Amino acid sequence: MQEIDQLLLHNRAWAAEQLAEDPQVFVRHVDGQQPVFLWIGCSDSRVAPDQFTQAQPGGLFVHRNIANLVQHDDANLMAVLDFAVGTLGIDRLVVCGHYGCGGIKAALAGPPPGPVGAWLAHARDVYDAHADEIDALPDEEARTNRLVECNVRDQLVHLAQTPTVRAAMAAGRDVRLHGWVYDLRDGLIKPVMEIDRDTPLDAVPAPERVLV
Ligand code: CO
């Protein structure tokens, strides 16, 4: 059997299981969605947020890109954010990176030519901002994993600075931004930073004081 056929076969089995557990499950899905969380994560195939948080369909509104970057000129993410916060009313926003991230490794080594490299230039900016601390680490794994943490921190600040998030906070909503790192080695999430409406962004401390 071809791998693509396996996907379809597994899909039929999944749908049947869902119905067996809860005959109304798809009726509710048709009614609409009320997710509690916006998830911004890496595209990496090993980092599957619905599975490792055991979120059900309807629980996470998801945007993924290589190295979980938050760029204000990314029309895709800005539309996702505007819809999530403005229309769906989501107040809990997560940026989740992961140790061993290939995108972060590439950014550290020097972004490759082509579209991937152009995208990773944003991650390279994070390295440039924290180069002294990262270069002082003894090996590539340690440098990569520290840049993963610094990247989550900087992307969370970018997220907090978007007009969408600022407007929601200014309107008095209890918007909370959570920076997390998922560990491929044990399947666990490590929280590394949190921003709420009382966090003065211009006073966000240096990563070595913020990060766990
Ligand atoms: Co990654």
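Since the model is a prediction, treat every value here as computed from it, not as a measurement.

### Details of the overall build of the chain
Piece 1. When helices and strands are tallied, the chain shows 10 helices and 5 strands.
Piece 2. Its C-alpha atoms give the chain a radius of gyration of 19 Å, within 12% of the compact-globule value 17 Å for 212 residues.
Piece 3. The principal-axis extents of the C-alpha atoms in the chain amount to approximately 55 × 50 × 30 Å.
Piece 4. Expressed as a percentage of contacts within the chain between residues at least 6 apart in sequence, the contacts between residues at least 24 apart total 61%.
Piece 5. Surface summary for the chain: the accessible area is close to 11,400 Å², and the carbon and sulfur share equals 53%.
Piece 6. Charged side chains in the chain number 17 positive and 30 negative. The centres of these two groups are separated by 3 Å.

### Side note on the nonpolar core
Piece 1. Ranked by internal contacts, the top residues of the largest apolar core, which has 45 residues, are Leu38, Leu81, Leu93, Leu159, Val165, Leu177 and Ile195.
Piece 2. Considering every element that reaches this core, the biggest residue donor is helix H8 (residues 140-160), with 8 residues.
Piece 3. Among residues more than four places away in sequence, those in contact with Leu38 are Phe61, Val80, Leu81, Ala84, Ile90, Arg92, Leu93 and Val94.
Piece 4. Counting 6 residues, the second-largest nonpolar core is a separate cluster that includes Trp39, Val47, Val94 and Cys96.

### Here we look at the coordination of the cobalt ion
Piece 1. Of the protein atoms, only Cys42 (SG), His98 (NE2) and Cys101 (SG) coordinate the cobalt ion, at distances of 2.0 to 2.3 Å.
Piece 2. Here the donor residues of the cobalt ion are spaced in sequence according to C-x55-H-x2-C.
Piece 3. By relative accessible area, which is 1% here, His98 ends up buried.
Piece 4. Classification of Cys101 by relative accessible area gives buried; the value is 1%.

### Concerning the pattern of salt bridges
Piece 1. Tallying each qualifying case throughout the model produces 14 salt bridges.
Piece 2. As a salt-bridge pair, Arg146 and Glu149 come within 2.6 Å of each other at their nearest N and O atoms. Here Glu149 and Arg146 lie together in helix H8, a separation of 3 residues that amounts to about one turn. Side by side, Arg146 and Glu149 carry an identical accessibility label, which is buried.
Piece 3. The residue Glu149 makes a salt bridge to Lys190 at a minimum N-O spacing of 3.1 Å.

### Here we look at the environment of Gln34
Piece 1. Topologically, Gln34 is positioned in the loop between helix H2 (25-31) and strand S1 (37-42).
Piece 2. By relative accessible area, which is 74% here, Gln34 ends up exposed.
Piece 3. Spatially, the C-alpha atom of Gln34 lies 16 Å from that of His63, the residues being 29 residues apart in sequence.

### Section: the sheet that holds strand S3 (residues 92-98)
Piece 1. The sheet built from 5 strands is open, its strands ordered S2-S1-S3-S4-S5 with mixed pairing. This sheet does not close on itself; its edge strands, each paired only once, are strand S2 (60-65) and strand S5 (188-195). Direction aside, neighbouring strands of the sheet carry axes that sit 20 degrees apart on average.
Piece 2. Alignment of S1 against S3, held across 5 bridges, turns out to be parallel. Along S3, the bridge assignment pairs Trp39 with Val94.
Piece 3. Each of S1, S2 and S3 touches helix H4 (residues 75-87); the most contacted strand, S2, lies at about 170 degrees to it.

### Focus: the domain arrangement of the chain
Piece 1. Its domain assignment divides the chain into domain 1 (1-32) and domain 2 (33-203).
Piece 2. Taken over C-alpha atoms, the centre of domain 1 sits 30 Å from the centre of domain 2.

### So, the environment of Ala170
Piece 1. Within the element layout of this structure, Ala170 appears in helix H9 (residues 163-170).
Piece 2. Along the sequence, Ala170 and Arg197 sit 27 residues apart, while their C-alpha atoms lie 8.1 Å from each other.

Calculation notes
- Residues numbered from 1 in each chain as written.
- Predicted model: local features only at pLDDT ≥ 70, side-chain atom pairs only at ≥ 80, totals over all residues.
- Heavy atoms only, no water.
- Helix = DSSP H or I, 4+ residues; strand = E, 2+ residues; numbered from the N terminus.
- Rg over C-alpha atoms; globule rule 2.2 N^0.38 Å.
- Contact = heavy atoms within 4.5 Å.
- Areas by Shrake-Rupley, 256 points an atom, 1.4 Å probe, with all protein chains shown as cover.
- Lys, Arg positive; Asp, Glu negative; His and termini not counted.
- Charge placed at Lys NZ, Arg CZ, Asp CG, Glu CD.
- Core = buried A, V, L, I, M, F, W, Y, C linked by side-chain atoms within 4.5 Å.
- Buried < 20%, exposed > 50% of the residue type's maximum accessible area, 1.4 Å probe, protein only.
- Donors = N, O, S within 2.8 Å, 3.2 Å for Na, K, Ca; no water.
- Salt bridge = Lys/Arg side-chain N within 4 Å of Asp/Glu carboxyl O.
- Pairing = 2+ DSSP bridges.
- Axes fitted to C-alpha atoms, helices over the stretch in contact; angles between N-to-C directions.
- Domains from an automatic or database assignment.

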